[in-house]
Amino acid sequence: MINVPEVAPLPLDEWDDSLDFIKQDMNGRPINVHSLMAHNPELLKAWWNFRNYSVKGGALGKRYGELVILRVATHMKAWYEWGSHVERGLACGLSREEIERVKTGGAAVSWSEGERALLNGIDELITSHGLSPQTHAQLREHFSVAQIMDIIAIHGMYVTLGCMINTWGLELDQHVKDRLPEDVTREQFETEYPR
């Protein structure tokens, strides 16, 4: 068996001084994924504006942005992202039923045509690394060019985070875990999405 050194979230008092603005943005409580990325201060600084844009959904708005992130989390089998964005999805108005339905993707009943196109688009980006002309045309019926660019970009950001999370086995932040419904657990998610 290969012994891989652990990389844990970097304690706040060990962060590079150049990251002070991120500490301030997060009210002195950055989340674990930011503390993981703090091992590479230049990357985290470069990442920060994109992170702030993406977490608000960009041109898509929060609801569609959260649907993108949740669907990526299922593909990446990334509990940290799933748990974090169940909490964020609920906060932006997604229902528990809608969040569970994300697991089925665009094939689930009750999505609007735009939501179905969005979820199918994410599936295609993950599996084919681009949008087919047919999927692109379906998305164009509901989304602007800027919004489609954001679908692609936000998906890519969370694929990258999912790879980091899965590489280093990042634990969900306790304050997020405390706000999740009782039946949303790591064990339940990883039973559905084993790695």
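Conventions adopted
Residues numbered from 1 in each chain as written. Predicted model: local features only at pLDDT ≥ 70, side-chain atom pairs only at ≥ 80, totals over all residues. Heavy atoms only, no water. Helix = DSSP H or I, 4+ residues; strand = E, 2+ residues; numbered from the N terminus. Rg over C-alpha atoms; globule rule 2.2 N^0.38 Å. Buried < 20%, exposed > 50% of the residue type's maximum accessible area, 1.4 Å probe, protein only. Contact = heavy atoms within 4.5 Å. Areas by Shrake-Rupley, 256 points an atom, 1.4 Å probe, with all protein chains shown as cover. Lys, Arg positive; Asp, Glu negative; His and termini not counted. Charge placed at Lys NZ, Arg CZ, Asp CG, Glu CD.

- Within an unreviewed UniProt entry, the label attached to the protein chain reads Carboxymuconolactone decarboxylase-like domain-containing protein, and the organism entered is Leucothrix pacifica.

1. Details of the overall build of the protein chain
- When you go through the protein chain residue by residue, the secondary structure sums to eleven helices and zero strands.
- Listed N to C, the secondary structure of the protein chain is α-α-α-α-α-α-α-α-α-α-α in terms of helices and strands.
- What you see for the protein chain is a C-alpha radius of gyration of 17 Å, in line with the 16 Å of a compact globule of 195 residues.
- The 195 residues of the protein chain split such that 47% are buried.
- Expressed as a percentage of contacts within the protein chain between residues at least 6 apart in sequence, the contacts between residues at least 24 apart total 67%.
- Summed over all atoms, the accessible surface of the protein chain reaches about 10000 Å², with 53% contributed by carbon and sulfur.
- Between the mean site of the 19 positive side-chain charges and the mean site of the 28 negative ones, the protein chain shows a separation of 3 Å.

2. Some words on unusual backbone geometry
- One non-glycine residue, K77, adopts positive backbone phi at about 55°.
- Take K77: it is sitting in the loop between α4 (61-76) and α5 (79-91).
- We classify K77 as partly exposed; its relative accessible area is 33%.
- Notably, H129 is not glycine yet its phi reads approximately 65°, a positive angle.

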